[in-house]
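# Working through the structure, step by step
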Amino acid sequence: AAPSGLRFKVKMSSEEFEKLHEMYRSLYDELKLIPERALTSHGEARKKLVRTFDERQGEAEEVLQGMEEELRGAPSSYRNAMSAKLRLYRRDLGKLQRDMKTSCEHQNSHTHLQSQRALLLQGTEYLNNASQSIERSQRIAAETDQIGTDIIEELGEQREQLDRTRDRLMNTGENLSRSRKILRAMSRRLMTNKLLLAVIILMELGILGAVVYLKFFRK
């Protein structure tokens, strides 16, 4: 009876172990795809993959613990083979955990590089805009300088014109002064000539009167 009970116990342990083994393989097959998918995922999709991996990894750990419990009640001859298989499963699960960690770190590094690249591109764009703004300012400054030079030259020409106009006005004023002096002199000469003419006329009238008197009234 004892050997029959032992065979029954071994059979039960073996069947339960195989059930747990199938559960683990199903979880493992799902888990091994996640690290590679995490490399190409971003944002919420990547966070969802991480949550799924943590959940499935926790379930796989529970299954392995159940397999360990089954091993405690199994005969030593059967326990050695199952222990070897269990160690292999734990090694594979640990490797998946490392792969997932590496994928996350790689993705974080990639995201960081993308952020740095975006910042670099943004900084480059700012520099380009600043350079363009400086170039525009330099062009405006050059144009303003040219306009200022042209205005100064034009003001210089206008000053020369004003100086020449002032000189002409001064010459005109001098000419007018000389003309007034000439006109005053001519006016004085004209008055003198009129006075002389009047005196001459008076003298002629006096002489004519004397002649008439002597000729007709004095006998």
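Above this text is the structure in question.
Treat the numbers as computed from the prediction; the structure is a model and nothing was measured.

Thresholds, definitions, all that
- Residues numbered from 1 in each chain as written.
- Predicted model: local features only at pLDDT ≥ 70, side-chain atom pairs only at ≥ 80, totals over all residues.
- Heavy atoms only, no water.
- Core = buried A, V, L, I, M, F, W, Y, C linked by side-chain atoms within 4.5 Å.
- Buried < 20%, exposed > 50% of the residue type's maximum accessible area, 1.4 Å probe, protein only.
- Contact = heavy atoms within 4.5 Å.
- Patch = residues over 30% accessible without salt bridge, like charges linked within 9 Å, V, L, I, M, F, W, Y side chains within 5 Å.
- Areas by Shrake-Rupley, 256 points an atom, 1.4 Å probe, with all protein chains shown as cover.
- Salt bridge = Lys/Arg side-chain N within 4 Å of Asp/Glu carboxyl O.
- Helix = DSSP H or I, 4+ residues; strand = E, 2+ residues; numbered from the N terminus.
- Expected span 1.5 Å × (residues − 1).
- Phe/Tyr/Trp six-rings, centres within 6.5 Å; stacked < 30°, edge-to-face > 60°.

## Here we look at the nonpolar core
- Counting residues in hydrophobic clusters, the biggest one holds 23 residues, and the most contacted among them are Tyr 24, Leu 31, Leu 64 and Met 67.
- For Leu 31, the residues in contact, after removing those within four places along its chain, are Phe 53, Arg 56, Gln 57, Ala 60, Leu 93 and Leu 96.

## Describing a nonpolar patch on the surface
- A cluster of nonpolar side chains, contributed by Leu 197, Ile 201, Leu 202, Leu 205, Leu 208, Val 212, Tyr 213, Leu 214, Phe 216 and Phe 217, occupies part of the molecular surface with about 1100 Å² of accessible area.
- With respect to the helices, strands and loops of the structure, Phe 217 is situated in helix 4 (residues 76-217).
- Classification of Phe 217 as exposed rests on a relative accessible area of 63%.

## Points about helix 3 (residues 43-72)
- An ideal rise of 1.5 Å per residue puts 44 Å on 30 residues; helix 3 measures up with 44 Å between its terminal C-alpha atoms.
- Within helix 3 the residues assigned to the buried category are Arg 46, Leu 49, Phe 53, Gln 57, Ala 60, Val 63, Leu 64, Gly 66, Met 67 and Leu 71.

## Brief notes about the packing of aromatic side chains
- Enumeration over the complete set of coordinates arrives at 2 aromatic pairs.
- When the centroid spacing of 5.9 Å and the interplanar angle of 25 degrees are considered together, the rings of Tyr 24 and Tyr 28 count as stacked. Of this pair, Tyr 24 and Tyr 28 both sit in helix 1 (residues 2-31), 4 residues apart, which is roughly one turn of that helix.
- Overall, Tyr 24 belongs to the buried group, its relative accessible area being 1%.
- For Tyr 28, a relative accessible area of 14% corresponds to the buried category.
- Site record: aromatic cluster; members linked through ring pairs are Tyr 24, Tyr 28 and Tyr 89.

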